[in-house]
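Inside the fold
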Amino acid sequence: MLFEFRYLEEIKDQYDVLIAGGGPAALGAAVYSRRAGLSVLIVEKVLEGGQLNFTTYVDNYLGFPNIEGTELAKRMKEHAESLGTHFLNASVEKIIVEGETRAVVLDDGRTIEAKVLMIATGTDPKKLNVPGESELIGKGVSYCATCDGYFFKEKDVVVVGGGDTAINDALYLSKIARSVTVIHRRDKLRAVKILQDKAFQRPNIKFLFDSVVERFVGEKKLEKVIVRNVKTNQTSELHVEGVFIAIGSIPRSDLVKDIVELDENGYIITNEWMETNVPRLYAIGDVRKKNVRQIVTAVADGAIASVHAAENYF
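These remarks concern the structure in this document.

How each quantity is defined
- Residues numbered from 1 in each chain as written.
- Predicted model: local features only at pLDDT ≥ 70, side-chain atom pairs only at ≥ 80, totals over all residues.
- Heavy atoms only, no water.
- Helix = DSSP H or I, 4+ residues; strand = E, 2+ residues; numbered from the N terminus.
- Buried < 20%, exposed > 50% of the residue type's maximum accessible area, 1.4 Å probe, protein only.
- Contact = heavy atoms within 4.5 Å.
- Core = buried A, V, L, I, M, F, W, Y, C linked by side-chain atoms within 4.5 Å.
- Phe/Tyr/Trp six-rings, centres within 6.5 Å; stacked < 30°, edge-to-face > 60°.
- Lys NZ or Arg CZ within 6 Å of the ring centre and 35° of its normal.

Moving on, we come to the side chain of lysine 290. Counting through the fold element by element, lysine 290 comes out in the loop between strand S19 (281-283) and helix H6 (295-313). Judged by relative accessible area, which is 12%, lysine 290 ranks as buried. Excluding residues within four positions of it along the chain, lysine 290 makes contact with Gly285, Thr297, Ala298 and Asp301.

Following this line, the structure appears as structure tokens:
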């Protein structure tokens, strides 16, 4: 679901708070910053709501026991917009931190300054890095079930992974595909119990535990997946037309990798107020180092950062 963006000519050259990224963390920060009377610009190159737009349904966000991800994203965006948040559909190419200056350079070359910058760029899906993967992306290999699942109606597909995202994908695909086989390297799933229970009850979802993908095979499109059992070392073939990889994420922190402290995995290190080691530069949501990455914690990150910024820099 695409949302309307404000036209570029309405955007000012300077804001109190500028947020790079438009997921739940950014939208939560916008709401709290606007309530504090601060001007706010969210710069998002694709969709406000971030990964919410690729989530089939949400049942763990307080007050919404069962809601489509796109609908929750829409409501969050409308809430922030109703308070006067500005939105810009653009890509941030560079972060500038020089003395007191905090600014971003956009993909059209324009520079916008802010008193406070917040990095809410989220993560990218992690790849398996096995033979055939890169060659078959878009030809049967995908990282987004809700984006590409429709193309595999009544076909046999595979989901790689055992966490919440993987099982959510399997459940979604089970309503479209003829069969879904979940390949997981461990002997049990990591997803929360409610998702596991739903998946085990779906008759067209099967599981291959203790298994990893060795390679993808196909010329013009995916034809089969070579799987190896990590305990027996035996390999087998799965003749499927689609594979959906959901094995984790990589933080989108390249914009600030030479500016702020990162951990060994590239996540931005912050304190309890979401501050980086650079004053007036915050990191919120999945891009920062944290133990729990959920919608509710992302929104909380944004709220905490905004309250701190409003009390200390304005």
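On we go.
Let us look at the environment of tyrosine 150. Along the polypeptide, tyrosine 150 turns up in the loop between helix H3 (145-148) and strand S11 (156-160). In this structure, the C-alpha to C-alpha distance between tyrosine 150 and isoleucine 176, residues 26 residues apart in sequence, is 6.8 Å.

All right, on to the nonpolar core then. What tends to happen in soluble globular proteins is that the nonpolar side chains get buried as a cluster. Counting 32 residues, the largest nonpolar core has Ile19, Leu72, Met76, Met118, Ile284 and Ile295 as its most contacted members. Elements with a contribution of two residues or more to this core: strand S1 (14-20), helix H1 (24-35), strand S2 (40-43), helix H2 (69-82), strand S8 (111-119) and H6. Ranked by size, the runner-up nonpolar core spans 23 residues in total, among them Ile11, Leu106, Ile119 and Val278.

Working definition: an aromatic ring pair is given by the centre-to-centre distance plus the angle between the planes. The final tally for this structure, using the stated rule, is five aromatic pairs. Aromatic pair phenylalanine 200 and phenylalanine 207: ring centres 4.9 Å apart, planes at 55°, arrangement tilted. Ring pairing ties together the aromatic residues Phe200, Phe207 and Phe209, which thus form one cluster. Above the plane of the ring of tyrosine 32 lies arginine 35, whose end atom (NZ or CZ) is 5.7 Å from the centre. Above the ring of tyrosine 267, the side-chain terminus of arginine 293 is found at 3.9 Å from the ring centroid.

Coordinates in, geometry out; function isn't part of it.
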